[in-house]
Amino acid sequence: MLLLPSAAEGQGTAITHALTSASTLCQVEPVGRWFEAFVKRRNRNASASFQELEDKKELSEESEDEELQLEEFPMLKTLDPKDWKNQDHYAVLGLGHVRYKATQRQIKAAHKAMVLKHHPDKRKAAGEPIKEGDNDYFTCITKAYEMLSDPVKRRAFNSVDPTFDNSVPSKSEAKDNFFEVFSPVFERNSRWSNKKNVPKLGDMNSSFEDVDAFYSFWYNFDSWREFSYLDEEEKEKAECRDERRWIEKQNRATRAQRKKEEMNRIRTLVDNAYSCDPRIKKFKEEEKAKKEAEKKAKAEAKRKEQEAKEKQRQAELEAARLAKEKEEEEVRQQALLAKKEKDIQKKAIKKERQKLRNSCKAWNHFSDNEAERVKMMEEVEKLCDRLELASLQCLNETLTSSTKEVGKAALEKQIEEINEQIRKEKEEAEARMRQASKNAEKSAGGGGNGSKNWSEDDLQLLIKAVNLFPAGTNSRWEVIANYMNIHSSSGVKRTAKDVISKAKSLQKLDPHQKDDINKKAFDKFKKEHGVVPQADNATPSERFEAGPCTDFTPWTTEEQKLLEQALKTYPVNTPERWEKIAEAVPGRTKKDCMKRYKELVEMVKAKKAAQEQVLNASRTKK
């Protein structure tokens with residue numbers, strides 16, 4: 001019967017009979033060893049000739065095994081079987097010259113040869129003394145074959161091959177002979193790669209693409225090297241499951257650490273090679289030269305195109321820009337310097353004021369009496385408002401470095417000076433006001449009885465009435481005259497004409513004089529209406545934290561509008577309401593805003609009361 005290749009599914013194999021006139025189709029199937037070969041070829045998707053190549057390969061390997069020469073290990077008989085883990089398994093089997101390249105056939109053949117030569121029975125028959133049990137060196141041969149015949153254990157041993165050179169060349173070593181130094185290092189480390197076809201280092205003539213591919217491969221190096229062979233603890237020796245888990249955990253941590261060190265070693269090798277590679281330096285210099293050439297050519301073309309005109313225009317623009325920047329920088333520096341000095345002065349004054357309050361508070365304000373302490377607190381706040389930075393520093397230094405009695409004396413002395421200063425300022429203001437009143441009376445001249453004998457109380461009452469009834473009030477001057485006739489203590493009846501004449505004369509006064517008269521009028525109004533200042537339970541730092549007093553600074557129309565808008569924006573239930581209102585009114589403190597608000601409330605009340613009195617008087621006349 002003729003053996004033919006197997007037919008594909010749905011097809012048959014034609015058998016031709018020489019004696020027949022027509023061919024017939026019949027199905028032929030391989031049997032026996034031909035069927036086995038057919039199955040192997042089908043599974044491998046290979047032709048019939050592939051099997052012949054494999055057979056030749058096996059024959060060549062067998063011939064290589066026959067030609068394999070084993071190296072005798074001179075220290076074999078001196079090995080300690082108990083320390084088998086630290087031995088060189090390849091050297092024990094006589095494969096030290098082949099090592100990791102040895103095939104399984106070679107390992108098996110080497111083991112067979114070593115058994116035939118060193119087996120205890122063979123040596124015993126030759127009259128050589130044999131150690132009992134596992135103490136004989138033949139145990140080392142058995143262990144070596146056990147490790148190398150198992151692919152997993154062999155891989156673990158190969159990872160820690162004692163003959164492998166883990167050294168990394170330094171940059172100085174490869175300064176003059178880069179390729180001779182680094183090429184063998186990369187070659188021997190390529191055995192750890194999981195990927196095949198590891199790129200070569202190349203030479204000085206390698207292209208940029210080849211060099212880039214080489215370093216990309218090594219910077220992303222995937223190593224199969226693992227260090228389980230160096231585990232100090234063997235989990236098989238554990239007595240229980242928990243101990244076995246603990247040993248596994250310790251071994252995993254140790255392996256991870258060694259793996260990390262190995263990857264750091266590879267990275268150091270690649271970094272050193274990259275930094276010393278003359279090709280990298282050459283590529284960088286070429287790239288830099290190319291960019292410089294392009295840049296230079298472009299600049300030269302542009303310079304030739306617009307040389308004269310552009311140069312002159314740029315010079316003018318540059319001069320103008322530098323002048324403007326210099327001027328702006330000078331202004332900015334002056335503003336920053338002024339602001340810095342102002343902030344420093346403000347912080348220093350605030351710090352010294354707080355220091356003065358704390359010093360007095362530490363000594364209980366030099367008194368055990370509650371009323372005296374309150375009075376002293378008011379005096380201290382007066383000092384904080386009136387004293388300059390130098391005076392505050394001097395006073396704080398005295399309070400800090402002296403005893404309580406000396407500090408109290410210094411504080412009282414300072415309080416007396418400030419009170420004396422306030423008294424003098426008050427007297428000067430009153431004198432200016434009296435002089436202004438006399439001048440106003442002289443300028444008014446012949447205005448009748450109503451324009452004479454304007455006392456200080458009448459002037460204060462007039463100013464208060466003018467503030468209570470601003471422009472736009474119906475019959476404003478008649479209302480003001482009627483208000484003065486009702487509240488005047490002099491008994492002199494004033495007409496609308498007298499009031500207008502005196503108001504015009506007061507407009508010519510100095511602003512400070514008007515403020516003094518206005519303040520006295522308001523103080524008198526509070527006394528007449530029984531407005532008694534209430535004790536404030538807040539601490540001095542909360543009541544006077546806004547800084548120096550600004551009572552003598554008049555409120556402008558713009559500030560008044562800002563205050564009214566802030567009062568609407570921040571209602572009564574707003575947290576820290578007055579701090580936010582003070583921030584909305586530039587130049588005004590929390591204390592100023594609160595005081596102005598109280599004045600406005602009192603003025604509105606007084607205005608309503610005056611209007612009611614005028615209406616009642618007009619009704620009575622009717």
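Structure: see above.
Rules of the game
Residues numbered from 1 in each chain as written. Predicted model: local features only at pLDDT ≥ 70, side-chain atom pairs only at ≥ 80, totals over all residues. Heavy atoms only, no water. Helix = DSSP H or I, 4+ residues; strand = E, 2+ residues; numbered from the N terminus. Buried < 20%, exposed > 50% of the residue type's maximum accessible area, 1.4 Å probe, protein only. Contact = heavy atoms within 4.5 Å. Areas by Shrake-Rupley, 256 points an atom, 1.4 Å probe, with all protein chains shown as cover. Core = buried A, V, L, I, M, F, W, Y, C linked by side-chain atoms within 4.5 Å. Salt bridge = Lys/Arg side-chain N within 4 Å of Asp/Glu carboxyl O. Axes fitted to C-alpha atoms, helices over the stretch in contact; angles between N-to-C directions. Parallel < 35°, antiparallel > 145°, perpendicular 65-115°, else oblique. Left-handed = near helix turned anticlockwise from the far one by under 90°. Nonpolar A, V, L, I, M, F, W, Y, C, P; charged D, E, K, R; others polar. Disulfide = S-S within 2.5 Å. Expected span 1.5 Å × (residues − 1). Phe/Tyr/Trp six-rings, centres within 6.5 Å; stacked < 30°, edge-to-face > 60°. Lys NZ or Arg CZ within 6 Å of the ring centre and 35° of its normal.

K.L.:
How should the overall build of the chain be read in this particular structure?
P.N.:
Within the chain one finds 23 helices and two strands. By the burial criterion, 30% of the 622 residues in the chain qualify as buried. By sequence separation, contacts in the chain at least 24 residues apart represent 68% of the contacts at least 6 residues apart. A total of about 42,200 Å² of accessible surface is found on the chain, and carbon and sulfur atoms cover 52% of it.

K.L.:
Before we go on, may I ask you to explain unusual backbone geometry in this structure?
P.N.:
Most peptide bonds take the trans form, and the phi angle of most residues other than glycine is negative. Its identity as a non-glycine residue notwithstanding, N197 has a phi of 55°, on the positive side. As for its placement among the helices and strands, N197 is situated in the loop between helix 8 (178-189) and helix 9 (208-219). When its relative accessible area of 76% is taken as the criterion, N197 is described as exposed.

K.L.:
What is the right way to look at the nonpolar core in this model?
P.N.:
Taken as a class, soluble globular proteins show a tendency for nonpolar side chains to be buried jointly. F178, F182, F186, Y215 and W218 are the most contacted members of the largest nonpolar core, which totals 25 residues. Among the elements of the structure, helix 8, helix 9, helix 10 (241-276) and helix 11 (278-305) are those that each provide at least two residues to this core. The dominant element in this core, judged by the number of residues it contributes, is helix 8, at six residues. What Y215 contacts, discounting residues up to four positions off in sequence, is F178, V270, A273, Y274, D277, R279 and I280. If you look at the next biggest cluster of nonpolar residues, it comprises 22 residues, including L95, A110, Y137 and F227.

K.L.:
Hey, could you run me through the pattern of salt bridges in this one?
P.N.:
Pairing between side chains of opposite charge can happen when the charged atoms of each approach one another. Scanning all chains against the criterion turns up 28 salt bridges. The shortest N-O distance in the salt bridge between D161 and R99 comes to 2.8 Å. Of this pair, D161 sits in the loop between helix 7 (151-159) and helix 8 while R99 sits in the loop between helix 3 (89-92) and helix 4 (104-118), and the two are 62 residues apart along the sequence. The class of D161 is buried, set by a relative accessible area of 5%. On the accessibility criterion, R99 (9% relative accessible area) is buried. For E262, the salt bridge goes to R265, with nearest N and O atoms at 2.9 Å. Of this pair, E262 and R265 both sit in helix 10, three residues apart, which is roughly one turn of the helix.

K.L.:
Looking at this structure, I do not really get the side chain of N189. What am I missing?
P.N.:
Tracing the backbone shows N189 in helix 8. Judged by relative accessible area, which is 0%, N189 ranks as buried. Non-local contacts of N189, meaning those with residues more than four positions away in its chain, are made with F164, W218, F221, R265, I266 and L269.

K.L.:
Would you mind showing me how to read the packing of helix 8 against helix 10 here?
P.N.:
Working note: a packed helix pair is described by the angle between its axes plus the distance between those axes. It is at 11 Å that the axes of helix 8 and helix 10 come closest, and there the two elements cross at 155°. With respect to each other, helix 8 and helix 10 are oriented roughly antiparallel. The two elements helix 8 and helix 10 cross, and the hand of that crossing is left-handed. Contacts between helix 8 and helix 10 involve F178, F182, V185, F186 and N189 from the former and R265, I266, L269, V270, N272, A273 and C276 from the latter. Classifying every residue of the contact of helix 8 with helix 10 by side-chain character gives nine nonpolar, two polar and one charged.

K.L.:
Looking at this structure, I do not really get the state of the cysteines. What am I missing?
P.N.:
Simply put, the disulfide is a covalent bond whose two ends are the sulfur atoms of two cysteines. On inspection of all chains with the given rule, the structure shows zero disulfides. In this model C384 remains outside any disulfide bridge; the closest cysteine sulfur is found in C360, 7.9 Å from its own. The exposure class assigned to C384 is buried, which follows from its relative accessible area of 0%.

K.L.:
How do you make sense of helix 12 (residues 307-362) when you look at a structure like this?
P.N.:
Over its 56 residues, helix 12 runs 78 Å from end to end, which matches the ideal 82 Å to within 8%, given 1.5 Å per residue. Taken together, the buried positions of helix 12 are occupied by A348, I349, E352, R353, L356, R357, S359 and C360. Looking at the residues trailing helix 12, positive phi occurs at N364, about 60°.

K.L.:
Can you walk me through the packing of helix 16 (residues 456-468) against helix 17 (residues 476-487) in this structure?
P.N.:
Where helix 16 meets helix 17, the axes come as close as 10 Å, and the angle between the chain directions of the two elements is 140°. With respect to helix 17, the element helix 16 is oriented oblique. The crossing of helix 16 and helix 17 is right-handed. Residues D458, L461, L462, K464, A465, V466 and L468 of helix 16 form the contact with helix 17, whose own contacting residues are R476, W477, I480, Y483, M484 and H487.

K.L.:
Can you help me understand the packing of aromatic side chains in this one?
P.N.:
For any pair of aromatic rings, geometry is given as the distance between the ring centres together with the angle between the planes. As enumerated under the stated definition, the model contains 18 aromatic pairs in all. Summarising the aromatic geometry, the rings of F214 and Y215 are spaced 5.1 Å apart at their centres and angled 80° between planes, so their arrangement reads as edge-to-face. Note on Y219 and Y274: the rings are 6.3 Å apart at their centroids and 70° apart in plane angle, and the pair reads as edge-to-face. Of the two residues, Y219 sits in helix 9 while Y274 sits in helix 10, which places them 55 residues apart along the sequence. Overall, the relative accessible area of 29% leaves Y219 in the partly exposed class. By relative accessible area, which is 32% here, Y274 ends up partly exposed. Among the aromatic residues, those joined into a ring-pair cluster are F178, F179, F182, F186, F214, Y215, F217, W218, Y219, F221 and Y274. Directly above the aromatic system of W454 lies the positively charged group of R494, at a separation of 4.0 Å from the ring centroid.

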